[in-house]
Amino acid sequence: MVVAVRAEAGVGGINPSIRKEEEKVVDTVLAGELSKPLTPYCRCWRSGTFPLCDGSHVKHNKATGDNVGPLLVKK
Ligand code: FES
């Protein structure tokens, strides 16, 4: 399988505002420590609770015609 990621033209990348002071945004999750059976993680880079999904992808998708959604991690 080939996965292609394309940055949005003219905005400096796909991450508009999250932890821009960091050279690279990396998070580690230990699945055994998840508190809920199903935890959604953001893949649209618009969440106010990043790295967790807060539903902001819905607004992004409506505004842009995109189709992004969260990564669901099961405990
Ligand atoms: S808020 Fe980013 S995937 Fe849901």
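Residues numbered from 1 in each chain as written. Predicted model: local features only at pLDDT ≥ 70, side-chain atom pairs only at ≥ 80, totals over all residues. Heavy atoms only, no water.

- If you look the protein chain up in an unreviewed UniProt entry, it shows as Iron-binding zinc finger CDGSH type domain-containing protein from Oryza punctata.
- As recorded by UniProt, the Cofactor (unreviewed entry) comment attached to the protein chain reads in full: "[2Fe-2S] cluster". (UniProt positions renumbered as here; feature names shortened; annotations may be inferred.)

1. Digging into the packing of aromatic side chains
Right, so step 1: Under the defined criterion, the tally for this structure stands at 1 aromatic pair.
Right, so step 2: Ring geometry for W45 versus F50: centroids 4.7 Å apart, planes at 25°, classification stacked. Considered together, W45 and F50 belong to a single accessibility category, that of buried residues. (Phe/Tyr/Trp six-rings, centres within 6.5 Å; stacked < 30°, edge-to-face > 60°. Buried < 20%, exposed > 50% of the residue type's maximum accessible area, 1.4 Å probe, protein only.)

2. Notes on the nonpolar core
Right, so step 1: Residues I18, C42, C44, W45 and F50 constitute the largest nonpolar core, which totals 5 residues.
Right, so step 2: In contact with W45, other than residues within four places in its own chain, are I14, N15, P16, I18, V25 and F50. (Core = buried A, V, L, I, M, F, W, Y, C linked by side-chain atoms within 4.5 Å. Contact = heavy atoms within 4.5 Å.)

3. What to know about the UniProt feature "domain: Iron-binding zinc finger CDGSH type" (unreviewed entry) in the protein chain
Right, so step 1: When the UniProt feature table is mapped to this numbering, "domain: Iron-binding zinc finger CDGSH type" (unreviewed entry) covers residues 24-63.
Right, so step 2: The annotated region residues 24-63 carries 20% helix and 10% strand content, and the separation between its end C-alpha atoms amounts to 27 Å. (Helix = DSSP H or I, 4+ residues; strand = E, 2+ residues; numbered from the N terminus.)

4. A look at the pattern of salt bridges
Right, so step 1: For the structure on display, the rule yields 2 salt bridges.
Right, so step 2: Between R19 and E22 there is a salt bridge, with its nearest N and O atoms 3.0 Å apart.
Right, so step 3: Judged by its relative accessible area of 32%, E22 is partly exposed.
Right, so step 4: With a shortest N-O distance of 3.1 Å, D27 and R19 are connected by a salt bridge.
Right, so step 5: D27 sits in the partly exposed class, given a relative accessible area of 37%. (Salt bridge = Lys/Arg side-chain N within 4 Å of Asp/Glu carboxyl O.)

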